[in-house]
Amino acid sequence: MKLFLELPYDASGYGDFGVSYIGTEATIHFQYRSDGAEHVGELRFGWCLSININGQLDKQISLPYDRVMVLEDQIGFDKKFLRFVVMFSGSDFQFDVYAKECRFDPDVRKSDLIPELG
């Protein structure tokens, strides 16, 4: 397992999340607090094969909070897909995503994926 991306760390454990999987793109929005302000971060996975969300604590792998990790380097028929895993400090859910790319936006300002922010 290797570090792919460090996300803003939220020691308060605050926040909700929302997920969308349309076509070949998966998107995760997540709330967090930083410098006294609330933000909505976005992880966008391009050329996504699958996304799994696991909330069963006894069936999760050990992960650091607020870091996108890569578990396997090259998978898939053309060896260009990666297995990204992430667990936010604001929830006990793990996200397991097979995709070619992962992009991060620290503040999307509005989220249609989190009902109270839409």
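Parameters and conventions
Counting from 1, residues in each chain are numbered in the order their sequence is written. Two thresholds apply to this predicted model, a pLDDT of at least 70 for residue-level local features and 80 or more for giving and counting side-chain atom pairs, whereas whole-chain, interface and lining totals are computed over all residues. In computing side-chain properties, one takes all heavy atoms of the structure into account and sets aside hydrogens as well as water. Numbering of helices and strands starts at the N terminus; helices are DSSP runs of H or I of at least 4 residues and strands are runs of E of at least 2. To get the radius of gyration, use the C-alpha atoms; to get the globule rule, take the number of residues to the power 0.38 and multiply by 2.2 Å. Note on contacts: a residue pair qualifies if any of its non-hydrogen atoms lie within 4.5 Å across the two residues. Method for areas: the Shrake-Rupley scheme with a 1.4 Å probe, in which residue coverage is limited to the protein chains shown. As used in this record, nonpolar core signifies buried Ala, Val, Leu, Ile, Met, Phe, Trp, Tyr and Cys residues forming a set joined through side-chain atoms within 4.5 Å. Here's how the labels work: a residue is buried when its accessible area is under 20% of the maximum for its type, exposed when over 50%, partly exposed in between, all with a 1.4 Å probe on protein chains only. Only the six-membered ring of Trp is used, alongside the rings of Phe and Tyr, when aromatic pairs are assigned; centres must lie within 6.5 Å, and planes under 30 degrees apart are stacked while those over 60 apart are edge-to-face, with the rest tilted. Each ring is checked for a lysine NZ or an arginine CZ that lies within 6 Å of its centre and within 35 degrees of its normal; such an atom marks a charge sitting over the ring. pLDDT is defined as a per-residue confidence score from the predictor, taking values between 0 and 100. Paired strands, in this sense, are two strands between which DSSP finds at least two bridges. The salt bridge criterion pairs a side-chain nitrogen of Lys or Arg with a carboxyl oxygen of Asp or Glu, the two atoms within 4 Å. Comment: axis = line fitted to C-alpha atoms, over the contacting stretch for helices; angle = value between 0 and 180 degrees taken between N-to-C directions.

## Regarding the overall build of the protein
Assigned secondary structure in the protein consists of 0 helices and 9 strands. Counting helices and strands in the order they occur from the N terminus, the protein gives β-β-β-β-β-β-β-β-β. Taken over the C-alpha trace, the protein has a radius of gyration of 14 Å; the compact-globule value for 118 residues is 13 Å, and the two agree within 12%. Overall size of the protein, expressed as C-alpha extent along the three principal axes, is 45 × 30 × 25 Å. Considering only residue pairs separated by 6 or more positions, the protein has 56% of its internal contacts joining residues 24 or more positions apart. Here the protein displays about 6600 Å² of accessible surface, and carbon together with sulfur accounts for 49% of that area.

## A short note on the nonpolar core
Of all hydrophobic cores here, the largest spans 20 residues; its most connected members are Leu-43, Phe-45, Phe-84 and Phe-88. Among the elements of the structure, β3 (25-34), β4 (37-46), β6 (67-70), β7 (82-87) and β8 (94-99) are those that each provide at least two residues to this core. Residues within four places of Leu-43 in sequence aside, it is in contact with Leu-5, Leu-7, Ala-26, Thr-27, Ile-28, Phe-30, Val-68, Val-86, Phe-88, Cys-102, Arg-103 and Phe-104.

## Observations regarding the packing of aromatic side chains
Under the defined criterion, the tally for this structure stands at 8 aromatic pairs. The rings of Phe-17, Phe-30, Tyr-32, Phe-88, Phe-93, Phe-95 and Phe-104 are connected pair by pair, giving a single aromatic cluster. The ring centre of Trp-47 lies 5.5 Å from the NZ or CZ of Lys-100, which sits over that ring.

## Some words on the confidence of the model for the protein
Across the protein, the average pLDDT comes to 88, with 93% of residues at 70 or higher. Summarising per-element confidence for the protein, the mean pLDDT is lowest in β3 (92) and highest in strand β9 (residues 101-105) (96).

## What to know about the pairing of β6
Here 4 bridges tie strand β1 (residues 2-6) to β6, and the two strands are oriented antiparallel to one another. In the strand pairing of β6, Lys-2 is matched with Val-70. As paired elements, β6 and β7 share 2 bridges and run antiparallel to each other. In the strand pairing of β7, Met-69 is matched with Val-85.

## Let's talk about the pattern of salt bridges
Tallied over the full model, the rule gives 7 salt bridges. The salt bridge partner of Glu-25 is Arg-103, with a shortest N-O separation of 3.5 Å. Highlighted residues: Glu-25 in strand β3 and Arg-103 in strand β9, separated in sequence by 78 residues. Relative accessible area serves as the criterion here: at 36%, Arg-103 is assigned to the partly exposed category.

## Overview of the sheet that holds strand β5 (residues 50-54)
On the basis of which strands lie adjacent, the open sheet formed by 5 strands has the order β1-β6-β7-β8-β5 and antiparallel pairing. Where the open sheet ends on each side, the last strands, each with one partner, are β1 and β5. Pairs of neighbouring strands in the sheet enclose a mean axial angle of 20°, with direction left out of account. Pairing geometry for β5 and β8, over 5 bridges, is antiparallel. Note that in β8 the partner of Asn-54 across the bridge is Gln-94.

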